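Listed below, chain by chain, are the residues.
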Amino acid sequence: MVSSSVSNKRYTYIHESESKSTREAIDIHHVIINGGRATGYARRRGIGFFLVLLASSIYFFLGKDNPARNLSWGCLLSGFFVMLQSRKLVKKEYVIIMPTFAIQLETQYLSGKTVSRFIPIGKILKPVLVECVTPITCYWSLSLFLRGEEQLTLVFKELRPPLKMLVPISKALCAAIGTDHQSETIAEEEHDVSS
């Protein structure tokens, strides 16, 4: 098993390859949220549980006409929303590339839930790195052009890893579907220089 990793403040990227031959190797690319953020999410969930417990106890121990009883509803609802939001928090996402067969995209949430998507290799036309610009932020995304689909399919639905973590995954996807990642980049650079 060949393994390499890259890490920054928010994410850790781990690449594992299970075979000696690159054409038939099963590649696994993990993007994991670093421990500080994950434990912060767990703390938020605990705070949400505490708010719900506190609000329900205040509600039952106070009389009908007490204004603090009405305030407890606010605590109850905010704690409930914090707990709901914590179910959607991502622990890690990974891409399993099985050349000549398919790729599997998986998202693991802190709640323990795992969502998997399976895409046959024959359906993938090309992986594309896209720069996404919003009024607030700018980030890179890895998307797939799929046969018979009008919209791009995001490889990482929840996380926004940096470009240095997306490039090796893009190259591995290009190698798996048989397109040359390097020649396309060079051709685009030559076209930009000649214009």
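As the structure is a computational prediction, the values presented were derived from the model and not from experiment. (Residues numbered from 1 in each chain as written. Predicted model: local features only at pLDDT ≥ 70, side-chain atom pairs only at ≥ 80, totals over all residues. Heavy atoms only, no water.)

Peer 1: Sorry, what's going on with the sheet that holds strand 9 (residues 153-154) here?
Peer 2: Spatially, 7-8-9 is the arrangement adopted by the three strands of the open sheet, whose pairing is antiparallel. Bordering the open sheet on either side are strand 7 (124-133) and strand 9, each of which pairs with just one other strand. With two bridges connecting them, strand 8 (residues 138-146) and strand 9 associate as antiparallel partners. Among the inter-strand pairings, Ser143 is bridged to a residue of strand 9, identified as Leu154. Taken strand by strand, helix 3 (residues 163-177) contacts strand 7 and strand 8, and its axis lies near 165° from that of strand 7. (Pairing = 2+ DSSP bridges. Helix = DSSP H or I, 4+ residues; strand = E, 2+ residues; numbered from the N terminus. Contact = heavy atoms within 4.5 Å. Axes fitted to C-alpha atoms, helices over the stretch in contact; angles between N-to-C directions.)

Peer 1: So what exactly am I meant to see when it comes to the nonpolar core here?
Peer 2: What tends to happen in soluble globular proteins is that the nonpolar side chains get buried as a cluster. Within the largest apolar cluster, 26 residues are counted, with the highest numbers of intra-cluster contacts made by Ile103, Ile124, Leu144 and Ile169. Taken together, the elements giving at least two residues each to this core come down to strand 2 (11-17), strand 3 (27-33), strand 4 (90-98), strand 5 (102-109), strand 8 and helix 3. The biggest single contributor to this core is helix 3, with seven residues. When near neighbours in sequence (up to four residues on either side) are disregarded, Ile124 contacts Ile103, Ile119, Leu144, Phe145, Leu146, Arg147 and Ile177. (Core = buried A, V, L, I, M, F, W, Y, C linked by side-chain atoms within 4.5 Å. Buried < 20%, exposed > 50% of the residue type's maximum accessible area, 1.4 Å probe, protein only.)

Peer 1: Would you explain helix 3 in this entry?
Peer 2: Taking 1.5 Å of rise per residue, the 15 residues of helix 3 would be expected to cover 21 Å, and the 21 Å separating its terminal C-alpha atoms lies within 8% of that figure. Looking only at helix 3, the buried set comprises Met165, Leu166, Ile169, Ser170, Ala172, Leu173, Cys174, Ala176 and Ile177. At the C-terminal side of helix 3, Gly178 shows a positive phi close to 90°. (Expected span 1.5 Å × (residues − 1).)

Peer 1: When you look at the environment of Leu154 in this model, what are you seeing that I'm missing?
Peer 2: With respect to the helices, strands and loops of the structure, Leu154 is situated in strand 9. C-alpha of Leu154 to C-alpha of Leu142: the two residues are twelve residues apart in sequence and 6.2 Å apart in space. Dropping the residues within four chain positions of it, Leu154 is found in contact with Leu105, Arg117, Ser141, Leu142 and Ser143.

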